[in-house]
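Residue-level structural notes
Each chain, letter by letter, is given below.
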Amino acid sequence: MALIECKNLSLGYDNRVVVENLNFKINSGDYLCIVGENGSGKTTFMKTLLGLIPPIIGQIIFDEGLSSTDIGYLPQQTPVQQDFPASVKEIVLSGFEGKKGLRPFYSSAEKTEALRAMERMNISDMSKRSFRPLS
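To keep things clear, this report deals only with the structure shown in the data block. This is a predicted model, so every value here is computed, not measured.

**A closer look at the overall build of the chain**
What the chain contains, in helices and strands, is 4 helices and 3 strands. The order of α-helices and β-strands along the chain, N terminus first, is β-β-α-β-α-α-α. Along the first, second and third principal axes, the C-alpha set of the chain runs to 40 × 35 × 30 Å. In the chain, which comprises 135 residues, the share counted as buried stands at 27%. For the chain, contacts bridging at least 24 residues in sequence account for 53% of all contacts bridging at least 6. For the chain, the accessible surface area stands at approximately 9500 Å², while carbon and sulfur atoms represent 52% of it. Considering the chain, the positive charge centre built from 15 side chains and the negative charge centre built from 15 side chains are found 5 Å apart.

**Digging into the pattern of salt bridges**
Applying the stated rule across the entire model yields 3 salt bridges. Ionic pairing is found between Glu110 and Arg103, a salt bridge with its closest N-O pair at 2.9 Å. Owing to a relative accessible area of 9%, Glu110 belongs among the buried residues under this scheme. Its relative accessible area of 34% is what places Arg103 among the partly exposed residues. With a shortest N-O distance of 3.8 Å, Glu113 and Arg116 are connected by a salt bridge. Pair noted here: Glu113 and Arg116 are both in helix α4 (residues 108–120), with a separation of 3 residues, about one helical turn.

**Focus: α4**
Under the 1.5 Å per step criterion, the end-to-end length of α4 is 18 Å for 13 residues, consistent within 8% with the ideal 18 Å. Within α4, the full set of buried residues consists of Glu110, Ala114, Ala117 and Met118. Seen along its axis, α4 keeps its buried residues to an arc of 100°; they face one direction. In this structure, α4 carries Ser108, Ala109, Glu119 and Arg120 as exposed residues pointing more than 90 degrees from its buried face.

**Overview of the nonpolar core**
By size, the foremost hydrophobic cluster in this structure holds 12 residues: Ile4, Cys6, Leu9, Leu11, Val19, Ile26, Phe45, Met46, Leu49, Leu50, Ile60 and Ile71. Sorting the residues of this core by element identifies β1 (4–13), β2 (16–26) and α1 (42–49) as the ones contributing at least two each. The biggest single contributor to this core is β1, with 4 residues.

**Looking at the side chain of Thr44**
Counting through the fold element by element, Thr44 comes out in helix α1. The exposure class of Thr44 is buried, given its relative accessible area of 8%. Other than its neighbours up to four places away in sequence, Thr44 contacts Leu11, Gly12, Tyr13 and Ile53.

Criteria and cut-off values
- Residues numbered from 1 in each chain as written.
- Predicted model: local features only at pLDDT ≥ 70, side-chain atom pairs only at ≥ 80, totals over all residues.
- Heavy atoms only, no water.
- Helix = DSSP H or I, 4+ residues; strand = E, 2+ residues; numbered from the N terminus.
- Buried < 20%, exposed > 50% of the residue type's maximum accessible area, 1.4 Å probe, protein only.
- Contact = heavy atoms within 4.5 Å.
- Areas by Shrake-Rupley, 256 points an atom, 1.4 Å probe, with all protein chains shown as cover.
- Lys, Arg positive; Asp, Glu negative; His and termini not counted.
- Charge placed at Lys NZ, Arg CZ, Asp CG, Glu CD.
- Salt bridge = Lys/Arg side-chain N within 4 Å of Asp/Glu carboxyl O.
- Expected span 1.5 Å × (residues − 1).
- Arc of directions from axis to C-beta.
- Core = buried A, V, L, I, M, F, W, Y, C linked by side-chain atoms within 4.5 Å.

The analysis is restricted to geometry; functional conclusions fall outside its scope.
So, in structure tokens, the structure goes:
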């Protein structure tokens, strides 16, 4: 079974469709790149995938044991964020925000998993660098 499957998905705001009839599957080991011009629906899709806005039509099916809170998302930099002083490690750790709940700090297991993720992506040497010039 696919980790994530979108079936006949139409998405947008206030019943105004931005993207329609989106159908695809993401299997283990796949990479998904979302590219397009401004206004093409990239952010709307991510917000729908994360459960922040509901789909207009269709469905998103997650494999058993996977949910929208397991997905990390780093939005494009906005003028308000340009002075945000976060390191690469902090940005990777932010992927645990949805699981952290009301705890103010990340657990040692989450920190270890973030380091493993950086090792898998071959970016451990960048962990203390600011994420801004890399965006």
